[in-house]
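Examination of the molecular architecture
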Amino acid sequence: MSRSEVPSILVLPSPFFTETDTIRLLEPEDCDTQWVLRQVLSGAYDKPFVIDDGTTRTLHFSLSLIQSTMSLKDPFALELDYTQAMMSFQLFLQRPQHILMLGLGGGSLAKFCYRHVGSARITVVEIDPRVIAFRDEFEVPRDDARFSVIEGDGADWVIKSGEWDEKPDVIMMDAFDRHGLSGSVSSTAFYQSVYDALAGRGVMVANLAGEKDDRTEHLAMISEVFDDRVLSIMLSDGNDIVLAFRNPSFNPRWREIGNTAKALRTRTGLDYPKYVQRLERSRRLRYL
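Quick summary incoming for the structure in this document. Treat the numbers as computed from the prediction; the structure is a model and nothing was measured.

With respect to helix 8 (residues 254-268)
With 15 residues, helix 8 extends 20 Å between its outermost C-alpha atoms, agreeing within 8% with the 21 Å of an ideal straight helix rising 1.5 Å per residue. Looking at helix 8, one finds that the buried residues are Trp254, Ile257, Gly258, Thr260, Ala261, Leu264 and Thr268. Down the axis of helix 8, the buried side of the element spans an arc of 160 degrees, and every buried residue falls inside it. Of the residues in helix 8, the exposed ones pointing more than 90 degrees away from the buried face are Arg255 and Thr266. In the stretch just after helix 8, Gly269 is the one whose phi turns positive, near 90 degrees.

Written as structure tokens, this is what we have:
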């Protein structure tokens, strides 16, 4: 399905909460709305949809899986813990020139980087045109000289990015569908292509979610490719945030990083010092 073939957004009263809440679906106006809502409720609905409760707007791939959340009061804030943790790459690379993101979702990370990482050009690759169709609902910025959203397979674009004059300094991977991690990013060959594409001091940030065995398998592949230059944060919601470093002489200086964290907290409002502690602990545990 091309983006031009995606239906318009249909807004209906939400069947889940109060009468003022709405659900947004990619369906024609003349569809059988009761049938569609029954499909959503049963879990059989196979398209992304958006629920708006008047305070937050959430992108779902199913009722049980919130892919992205936006505060209507502060659309550029990071509402979910895993998105905040993914920004910890700034502790090691504060002024990247080019960020490549795999997966748009509701655009939380893209918007935050657009506002707070002013040094960077940001390229977002999203395979599902139906997700891109909701970009205005989540106030994702229009494409401009330093921001673009591309429909395509992230794994293919990683390979392409390795041939760019300005290689990515940061590759952020949040590539999910309703079944979990996308198959195209689930191999050692994919992580090798990430390694090859990164600039010399580049960082990969990956959100690993799903079954523990799947997360463990991905972490092992990342560690193999990046020669164990890996830090991780385990979150209570079952997500693992993994940072992998291309630089063969990577050796974090935690006191300096702690000072960086305080400055970043002042500038962005995120609790970067909390992530320093958890990343340093991750580093120590790998050598026990």
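Comments concerning the pattern of salt bridges
Throughout the structure, instances matching the rule amount to 13 salt bridges. Lys47 is the partner of Glu27 in a salt bridge, and the nearest nitrogen-oxygen pair spans 2.9 Å. Separated by 20 residues along the polypeptide, Glu27 in the loop between strand 2 (22-26) and helix 1 (33-42) and Lys47 in the loop between helix 1 and strand 3 (49-52) bring together distant segments of the chain. Here Glu27 falls in the buried class, since its relative accessible area comes to 10%. In this structure, the salt-bridge partner of Asp143 is Arg135, at a minimum N-O distance of 3.2 Å. Given the relative accessible area of 42%, Asp143 is considered partly exposed. Connected via shared salt-bridge partners are Arg24, Asp52, Arg57 and Glu137.

A word on the environment of Leu59
For Leu59, the position within the fold is in strand 4 (residues 56-62). If sequence neighbours within four positions are ignored, Leu59 has contacts with Pro48, Phe49, Val50, Leu65, Ile66, Gln67, Ser68, Gly105, Gly106, Val131, Phe134 and Phe138.

Let's talk about the pairing of strand 12 (residues 203-208)
Of all six residues making up strand 12, six are buried, and the element is well covered by its neighbours. By the alternation rule, side chains of strand 12 split into Val203, Val205 and Asn207 and Met204, Ala206 and Leu208, which are all buried. Direction of pairing for strand 9 (residues 170-173) relative to strand 12: parallel, over a ladder of four bridges. Within strand 12, the position partnered with Met172 by the bridge is Val205.

Here we look at the sheet that holds strand 1 (residues 9-13)
Working definition: the strands of a sheet are paired by backbone hydrogen bonds and lie parallel or antiparallel to each other. In space, the five strands of this open sheet follow the order 1-2-3-4-5, with antiparallel pairing throughout. Single-partner strands in this sheet number two, and they are strand 1 and strand 5 (65-71). Ignoring which end each strand starts from, the neighbouring axes of this sheet average 25 degrees apart. Pairing between strand 2 and strand 3: four bridges, direction antiparallel.

A few points about a negative patch on the surface
Where like charges cluster on the molecular surface, the negative patch consists of Glu211, Asp213, Asp214 and Glu217. Here Asp214 is to be found in helix 7 (residues 212-225).

Some remarks on unusual backbone geometry
In this model, Glu139 sits at a positive phi of 55 degrees, which is unusual for a non-glycine residue. A positive phi angle is found at Asp228, which is not glycine, with a value near 70 degrees. Among the secondary structure elements, Asp228 is positioned in the loop between helix 7 and strand 13 (230-234). By relative accessible area, Asp228 is classed as partly exposed at 27%.

Here's the deal with the nonpolar core
Ranked by size, the top nonpolar core spans 51 residues in total, and within it Met87, Phe89, Ile99, Met101, Met172 and Ile241 carry the most contacts. Discounting residues that sit within four places of it in the chain, Phe89 has contacts with Pro96, Ile99, Val170, Met172, Val203, Val205 and Leu243. Within the second largest apolar cluster, 25 residues are counted, among which are Ala155, Val194, Met221 and Phe226.

Digging into the environment of Met86
Its place among the elements puts Met86 in helix 2 (residues 81-86). Met86 sits 147 residues away from Ile233 along the chain, and the two C-alpha atoms are 9.2 Å apart. Beyond its immediate stretch of four places on either side in the chain, Met86 contacts Leu109, Met172, Met173, Asp174, Val205, Ala206, Asn207 and Ile241.

Overview of the sheet that holds strand 14 (residues 240-245)
One open sheet accounts for seven strands, arranged 8-7-6-9-12-14-13; its pairing is mixed. Because the sheet does not close on itself, it has two edges, and the strands there are strand 8 (147-151) and strand 13. On average, each strand axis in the sheet is tilted by 15 degrees relative to the strand beside it, whichever way the strands run. Packing against the sheet, helix 6 (residues 188-197) makes contact with strand 6 (98-102), strand 9 and strand 12, and its axis sits at approximately 155 degrees to strand 9. Where helix 7 meets the sheet, it contacts strand 12, strand 13 and strand 14, and its direction lies at approximately 170 degrees from that of strand 12.

Here is what the cut-offs are and how they apply
- Residues numbered from 1 in each chain as written.
- Predicted model: local features only at pLDDT ≥ 70, side-chain atom pairs only at ≥ 80, totals over all residues.
- Heavy atoms only, no water.
- Helix = DSSP H or I, 4+ residues; strand = E, 2+ residues; numbered from the N terminus.
- Expected span 1.5 Å × (residues − 1).
- Buried < 20%, exposed > 50% of the residue type's maximum accessible area, 1.4 Å probe, protein only.
- Arc of directions from axis to C-beta.
- Salt bridge = Lys/Arg side-chain N within 4 Å of Asp/Glu carboxyl O.
- Contact = heavy atoms within 4.5 Å.
- Pairing = 2+ DSSP bridges.
- Axes fitted to C-alpha atoms, helices over the stretch in contact; angles between N-to-C directions.
- Patch = residues over 30% accessible without salt bridge, like charges linked within 9 Å, V, L, I, M, F, W, Y side chains within 5 Å.
- Areas by Shrake-Rupley, 256 points an atom, 1.4 Å probe, with all protein chains shown as cover.
- Lys, Arg positive; Asp, Glu negative; His and termini not counted.
- Charge placed at Lys NZ, Arg CZ, Asp CG, Glu CD.
- Core = buried A, V, L, I, M, F, W, Y, C linked by side-chain atoms within 4.5 Å.

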